Amino acid sequence: MRFHHKHFIRDINQWSLLSVAIGLFIAIPGLAIAFYLFDGPGEMWGHIVSHFLLNYIGNSLFLIAGTGVLTFLIGTSAAWIVSSYDFPYRKLFDWLLFLPLAIPSYITAYAYVGLLGNGGTLVGFLQSIGIPIKRIEMMNLYGLTWVLSISLFPYVYAGTRAMFASFPRVISDSAFLLGATRRTYFFKVALPLASPAIIGGLFLVFMEVLNDYGAAKYYGINTFTTGIFRTWTALEDLQSSIYLSALLVVLVILIMLFVKWQRGRKSYTIKALNTGHSHSPRRPLSGRKKVLYLIIILLPVTFGFILPVGQLLYWGILTFESMFNAELLWVTLQSFGVAFAAALIIIIGALALINVTKWNHLKGLGIFSKLATIGYVIPGAIIGIGVIRSSQTVITFFNDNFDMQVGYLFYGSSIILIYAYVFRFMAVAYNPIEANTLKLSKNLSESAYLLGVSKLKAFRRIDFPLLKKTLLGAFFLVFIDILKELPLTLILKPYNLQTLAINAYAYADDEQVAKAALPALLLITVIAILMLVVNHREFNTSENQTLKN
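Residues numbered from 1 in each chain as written. Predicted model: local features only at pLDDT ≥ 70, side-chain atom pairs only at ≥ 80, totals over all residues. Heavy atoms only, no water.

### Some words on the overall build of the chain
Regarding its fold elements, the chain presents 27 helices and two strands. Relative to its 549 residues, the chain shows a buried fraction of 52%. Sequence-distant contacts in the chain: of pairs separated by 6 or more residues, those separated by 24 or more amount to 84%. With an accessible surface of roughly 26,700 Å², the chain has 66% of that area assigned to carbon and sulfur atoms. (Helix = DSSP H or I, 4+ residues; strand = E, 2+ residues; numbered from the N terminus. Buried < 20%, exposed > 50% of the residue type's maximum accessible area, 1.4 Å probe, protein only. Contact = heavy atoms within 4.5 Å. Areas by Shrake-Rupley, 256 points an atom, 1.4 Å probe, with all protein chains shown as cover.)

Here it is, written out as C-alpha cells:
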C-alpha cells in the first residue's frame, strides 16, 4: 500500500492529533516496560534466573493448565444445564452462578484455610457428625488451583451459557432427526459451536490467574506476579522486576495468539448459523437426572460462594465489636471515592477515544485507540512497575532541568493510582460502549452536521442520550473491577489511602485472618449487588431478544 503525502495532509485534522495524543498518553505504562528493557538487566537478575525463574514459570503454567481444565468443566456443564433444561428456580441458579466473581480470589483463599485448616469450621462440623476427616492442606499449588478455579469459572459460564441459548432450533432438530442422542448432540455439535465463547472465557480466566497476587502470596506459591513484587520490594531491584514483567508479557502474548488462532478456526461455523430461526425449547428435568443436574449446578455455588461467605460471616460475628468502627467506615468511603472517580474518568476517556477516532479522517490512526485498551490483558503488577518507572523519569526530568520537586504529586496523592486504573480497565468500558456506538444510525449525526451543528454538540444532543444505559452498565463494571483490584493498588497507593481490598489483605498478611472478614464482607456485598443489577439488565435484554426471535 503506497503512502500518499498529499492525502495524508488533506485528511489530517485536530481529531487525528487528539486520538494519537490520548492513546499514547494512556498507554505509557505498557510502552515503558518495552522502552526500559534497553537499560539492561538489574544487579539481581542473575540470582533470579539461577534460583527462581524456573519456579515462576513452572508454577504459573501449572496454574493456567489446572484452572483451565477445572473452569472449563464447571463452566460448560453449568451453562449447558441452565440453558438447555427447565427446572425449579432456574433463574435463581442462573444468577447465583455469577456470584463467585463477587468474592476476590484472595478472600476465597483466606476463607478456605478457615474452613479446612487446623480447627477449621467445616472440618470441625464434619467431625461432629461422625465423619472422620482431618484437616485438608490448602496452602499449596493444588489448593491455589482449586481456589482460583472456583472463583473464576463464571467467566467461562457467562459466555458459554449465552452461546448455548442462542443456537437456532434447526440445529438441534437436524441432529436429532439424524439419530443423535442428547449426549452426542452436546459433544459433537453444541460444544464445538460454543468453542469461541469457551475460549474467550478461558482467556479471561488465564489473565486473572496471571494477575493474582493476594492468594498466591498467602499460600506461599511463587508466581510471576509474586516474583515481580519480591524483586521490587525485598530485593530493591526495579530493573530486574521490569525484565520479569517483560517475560510475563511474552507469556500473555503467546496466550493471546493461541486464543486468536483457535477462534479463527471456529468462528466461521457460528456465522453460518445466524439464520434467525426460533431457539430450542428447554426440556423439563425429572427423576434421577433432575437430582444429578441440580447437584452439578449447586456444587459450584456452594463451594464458590456459600461456604466462603459462611466462613466470613462466622469470622465477622466474632470480630464485629472490635472491627465495626469509624475507621472501617472511613476505609469504605475511600474505596468508593477512588473507584467512583477512576470509573468516571475511564468512561469519559472511553467516550473521547471512540469519538475522536470516529471523527478523524485517517482511519489507520484507530490503532492508537486500541493501544490504549491493551491494559486489561496486562497483569496489574506489570502496569504498576511501568507506572513507577515512567514516573521516576518525569520526576528526574523536572528535578534536573527546573529544580522542581514534583514527586509528591505522583506518590503523595491518588492521581498516579487513578491513572494506572485508567490504563488497566479502559477496555472494560471501551468495548461495550464502542459496540453500542456502532449500532447508532449515522444518519442522525450526519444530518446534524449538514445543519451546521458541531461534532461535540451533536454528540451531546444525539449520541449521549442514546448511550446512557450502556454508559451506566459500563460504569458499574469498571467500578466493580477497581474495588476488587489488589496488586496494582498495593504498588501505587499513597501511604494515607486505604481501600477495603487492601484492608482485608493487610489483616490476612499479618496472620489476623478473622479481622479481614468484615472489610471483605462489605466489599463482597457491594460487588454482588452491582453484579446482580448488571446481570439482571443483560438477562432481560437477552430474554426479550429470544422472545422476539
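And the narrative resumes.
### A closer look at the packing of aromatic side chains
Two aromatic rings, taken as a pair, are described by how far apart their centres are and by the angle between their planes. Tallying each qualifying case throughout the model produces 27 aromatic pairs. Ring centres of Phe62 and Tyr142 lie 5.6 Å apart, and the angle between their planes is 85°; on these two criteria the pair is classed as edge-to-face. Of this pair, Phe62 sits in helix α5 (residues 53–84) while Tyr142 sits in helix α9 (residues 141–166), and the two are 80 residues apart along the sequence. Judged by relative accessible area, Phe62 falls into the partly exposed class, the value being 33%. A residue is classified by how much of its surface remains accessible, and Tyr142, at 61% relative accessible area, is exposed. One aromatic cluster is present, formed by Trp80, Phe164, Tyr185, Phe186 and Phe187 through successive ring pairs. Its end group placed over the ring of Tyr36, Arg389 keeps NZ or CZ at 4.0 Å from the ring centre. (Phe/Tyr/Trp six-rings, centres within 6.5 Å; stacked < 30°, edge-to-face > 60°. Lys NZ or Arg CZ within 6 Å of the ring centre and 35° of its normal.)

### Remarks on helix α7 (residues 105–116)
Every α-helix carries 3.6 residues per turn, so stepping three or four residues along brings you back to the same face. The first and last C-alpha atoms of α7 sit 16 Å apart over twelve residues, in line with the 16 Å expected at 1.5 Å per residue. Within α7, eleven of the twelve residues are buried, which leaves it mostly tucked inside the rest of the structure. If you check which residues of α7 are buried, you get Ser105, Tyr106, Ile107, Thr108, Ala109, Tyr110, Ala111, Tyr112, Gly114, Leu115 and Leu116. (Expected span 1.5 Å × (residues − 1).)

### Structural notes on the nonpolar core
In this structure, Phe164, Tyr219, Ile255 and Ile433 are the most contacted members of the largest nonpolar core, which totals 172 residues. Looking at which element gives the most residues to this core, the answer is helix α21 (residues 415–439), with 15 residues. When neighbours within four sequence positions are excluded, Ile255 is seen to be in contact with Ile64, Phe203, Phe206, Met207 and Leu210. (Core = buried A, V, L, I, M, F, W, Y, C linked by side-chain atoms within 4.5 Å.)

### Topic: the packing of helix α14 (residues 224–233) against helix α19 (residues 380–402)
Relative to each other, α14 and α19 sit at 30°, their axes nearing to 9 Å. Taken as axis vectors, α14 and α19 run roughly parallel relative to one another. Contacts between α14 and α19 involve Thr225, Ile228, Phe229 and Trp232 on the former and, on the latter, Ala381, Ile382, Ile385 and Ile388. Residue composition of the contact of α14 with α19, by class: seven nonpolar, one polar and no charged. (Axes fitted to C-alpha atoms, helices over the stretch in contact; angles between N-to-C directions. Parallel < 35°, antiparallel > 145°, perpendicular 65-115°, else oblique. Nonpolar A, V, L, I, M, F, W, Y, C, P; charged D, E, K, R; others polar.)

### Some remarks on the pattern of salt bridges
Overall, the coordinates contain three salt bridges when judged by the stated rule. Across the salt bridge formed by Lys217 and Asp509, the nearest N and O atoms sit 3.1 Å from each other. On the criterion of sequence distance, the pair formed by Lys217 in helix α13 (residues 214–219) and Asp509 in helix α26 (residues 500–509) is long-range, its members being 292 residues apart. Residue Arg424 is joined to Glu485 by a salt bridge in which the shortest nitrogen-to-oxygen separation is 3.7 Å. Within this pair, whereas Arg424 is found in helix α21, its partner Glu485 is found in the loop between α24 (468–484) and α25 (487–492), the two being separated by 61 residues in sequence. Residues Arg424 and Glu485 agree in their burial class; the two are buried. (Salt bridge = Lys/Arg side-chain N within 4 Å of Asp/Glu carboxyl O.)

### Description of unusual backbone geometry
Most peptide bonds take the trans form, and the phi angle of most residues other than glycine is negative. The backbone of Glu236 shows a phi angle near 55°, a positive value even though the residue is not glycine. Tracing the backbone through its elements, the reader meets Glu236 in the loop between α14 and α15 (238–272). We classify Glu236 as exposed; its relative accessible area is 68%. In this structure, Glu511 is a non-glycine residue whose phi angle is positive, near 65°. Mapped onto the elements of the fold, Glu511 is located in the loop between α26 and α27 (517–548). Classification of Glu511 by relative accessible area gives exposed; the value is 63%.

### Regarding the packing of helix α3 (residues 28–35) against α19
Interhelical geometry of α3 versus α19 gives an angle of 80° and a closest axis separation of 8 Å. With respect to α19, the element α3 is oriented roughly perpendicular. For the pair α3 and α19, contact is made by Ile28, Pro29, Ala32 and Ile33 and by Ile382, Ile383, Ile385, Gly386, Val387 and Ser390, respectively.

### Let's talk about the confidence of the model for the chain
Low pLDDT marks stretches whose predicted atomic positions should not be read closely. Looking at the chain as a whole, its pLDDT mean stands at 82, while 86% of the residues score no less than 70. Of all the helices and strands in the chain, helix α1 (residues 5–11) carries the lowest mean pLDDT, 50, while α5 carries the highest, 94. A low-confidence stretch, residues 267–277 stays under pLDDT 50, and its non-local contacts, those more than four residues away or across chains, total twelve contacts. Here residues 542–549 is modelled with pLDDT under 50, and outside its nearest four sequence neighbours on either side it reaches five contacts, counting other chains as well. (pLDDT = per-residue confidence, 0-100.)

### Topic: a nonpolar patch on the surface
On the surface, a nonpolar cluster with roughly 370 Å² of combined accessible area is contributed by Val250, Ile253, Leu254 and Leu257. Counting through the fold element by element, Leu254 comes out in helix α15. (Patch = residues over 30% accessible without salt bridge, like charges linked within 9 Å, V, L, I, M, F, W, Y side chains within 5 Å.)

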